[in-house]
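Each chain, letter by letter, is given below.
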Amino acid sequence: MVAWLRKLYRKCDALVAPSESFAQVLREQRMNYDIDIWSRGVDREIFHPGRRDLEWRAQHGMSADLPVIGFLGRLVMEKGLDVFSDAIDQLNRRKIPHQVMVIGEGPARQWFQSRLPNASFVGFQGGADLGRAVASMDLLFNPSVTETFGNVTLEAMACGLPVVAAKATGSQSLVEDKKSGRLITPGAIKQFADALQLYCENDGLRREHGNAGADRALDYSWDAINQVVADTYLRLIRQRQTR
């Protein structure tokens, strides 16, 4: 399959990848020798700290005085639902006060609910409702290793939340470890739980790392990001004209 993809991609004048970490995968697989980054943007009118709504949060059974660990994404096992629930189990055994909010729908919802019986499942959210839900968390936990970029991570950062994520393609290009969140070895349950516990117990650190993430998210405006693609086309056109 890799050889077939290489044959296809080498017929292209250039490739654009959603993150530097994923571009490096393509380079290592020798998919092409001209690879640029076409990242993803975030809508700052929808995702920003001002969307936080403690009244909405209370309506879904979450109090204002306990930190909320959030999950955002399609509820399928490849998103790391088992790792998420195992890390939450460790927090429960350690008696760390916290709450869990799950945003999303999918075929694994029933399984996920059975593993997190005390979590608030708020279902699918879109547009301004999604921005409100994300901003109403206190931190995002994203254990997935299948993201090529990680839109949910960027959306949480834009809302001023620290992110605990797996050290994988996508997240590594967005989260700065120990500055805007934590990057943890995939599947390392104890390390995930340690990071979550630190944020649950230290609201000052949550604010500091959340603010750093919000500053980082400012770099991801759609205008600047789409300009990269336009510039790539213009460069390729000039090269072809020269030839």
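Everything here concerns the structure above.
Below, the structure is looked at part by part. Computed from a predicted model, the values in this text were never measured in an experiment.

Considerations on the overall build of the chain
Then, number 1: Scanning the chain from N- to C-terminus turns up 11 helices and eight strands.
Then, number 2: Scaling as 2.2 N^0.38, a compact globule of 243 residues should have a C-alpha radius of gyration of about 18 Å, and the chain matches this with 19 Å.
Then, number 3: Dimensions along the principal axes, computed over C-alpha positions, put the chain at roughly 65 × 35 × 30 Å.
Then, number 4: Out of the 243 residues in the chain, the part that is buried amounts to 49%.
Then, number 5: Taking as baseline every contact in the chain between residues at least 6 positions apart, the subset at least 24 positions apart corresponds to 64%.

Considering the pairing of strand β3 (residues 68-72)
Then, number 1: β3 sits mainly inside the fold: five of its five residues count as buried.
Then, number 2: Every second residue of β3 is oriented toward a common face, with Val68, Gly70 and Leu72 on one face and Ile69 and Phe71 on the other, all of them buried.
Then, number 3: Pairing of β3 with strand β4 (residues 99-103) involves five bridges; the strand directions are parallel. The residue of β4 that forms the bridge with Val68 is Gln99.

Quick look at the side chain of Thr232
Then, number 1: Secondary-structure assignment places Thr232 in helix α11 (residues 222-242).
Then, number 2: Overall, Thr232 belongs to the buried group, its relative accessible area being 7%.
Then, number 3: Thr232 has contacts with Ala14, Val16 and Asp36, leaving out every residue within four places of it along the chain.

Focus on the pairing of strand β8 (residues 181-184)
Then, number 1: The two faces of β8 match: Gly181 and Leu183 on one face and Arg182 and Ile184 on the other face are all buried.
Then, number 2: In terms of strand pairing, strand β7 (residues 163-166) meets β8 through four bridges, oriented parallel. Looking across to β8, one finds that Ala166 is bridged to Ile184.

Section: the pattern of salt bridges
Then, number 1: For the coordinates displayed, the defined rule picks out 14 salt bridges.
Then, number 2: Among the ionic pairs, Arg57 bridges to Asp138, the shortest N-O distance being 3.0 Å. Of this pair, Arg57 sits in helix α3 (residues 54-59) while Asp138 sits in the loop between α6 (127-135) and β6 (139-142); the two residues are 81 residues apart in sequence, bridging distant segments of the chain.
Then, number 3: Taking relative accessible area as the criterion, Arg57 reaches 0% and is therefore assigned buried.
Then, number 4: Notably, a salt bridge pairs Arg216 with Asp219, separated by 3.5 Å at the nearest N-O pair.
Then, number 5: Each of Arg52, Arg57 and Asp138 takes part in a single network of salt bridges with overlapping partners.

Rules used in this analysis
- Residues numbered from 1 in each chain as written.
- Predicted model: local features only at pLDDT ≥ 70, side-chain atom pairs only at ≥ 80, totals over all residues.
- Heavy atoms only, no water.
- Helix = DSSP H or I, 4+ residues; strand = E, 2+ residues; numbered from the N terminus.
- Rg over C-alpha atoms; globule rule 2.2 N^0.38 Å.
- Buried < 20%, exposed > 50% of the residue type's maximum accessible area, 1.4 Å probe, protein only.
- Contact = heavy atoms within 4.5 Å.
- Pairing = 2+ DSSP bridges.
- Salt bridge = Lys/Arg side-chain N within 4 Å of Asp/Glu carboxyl O.

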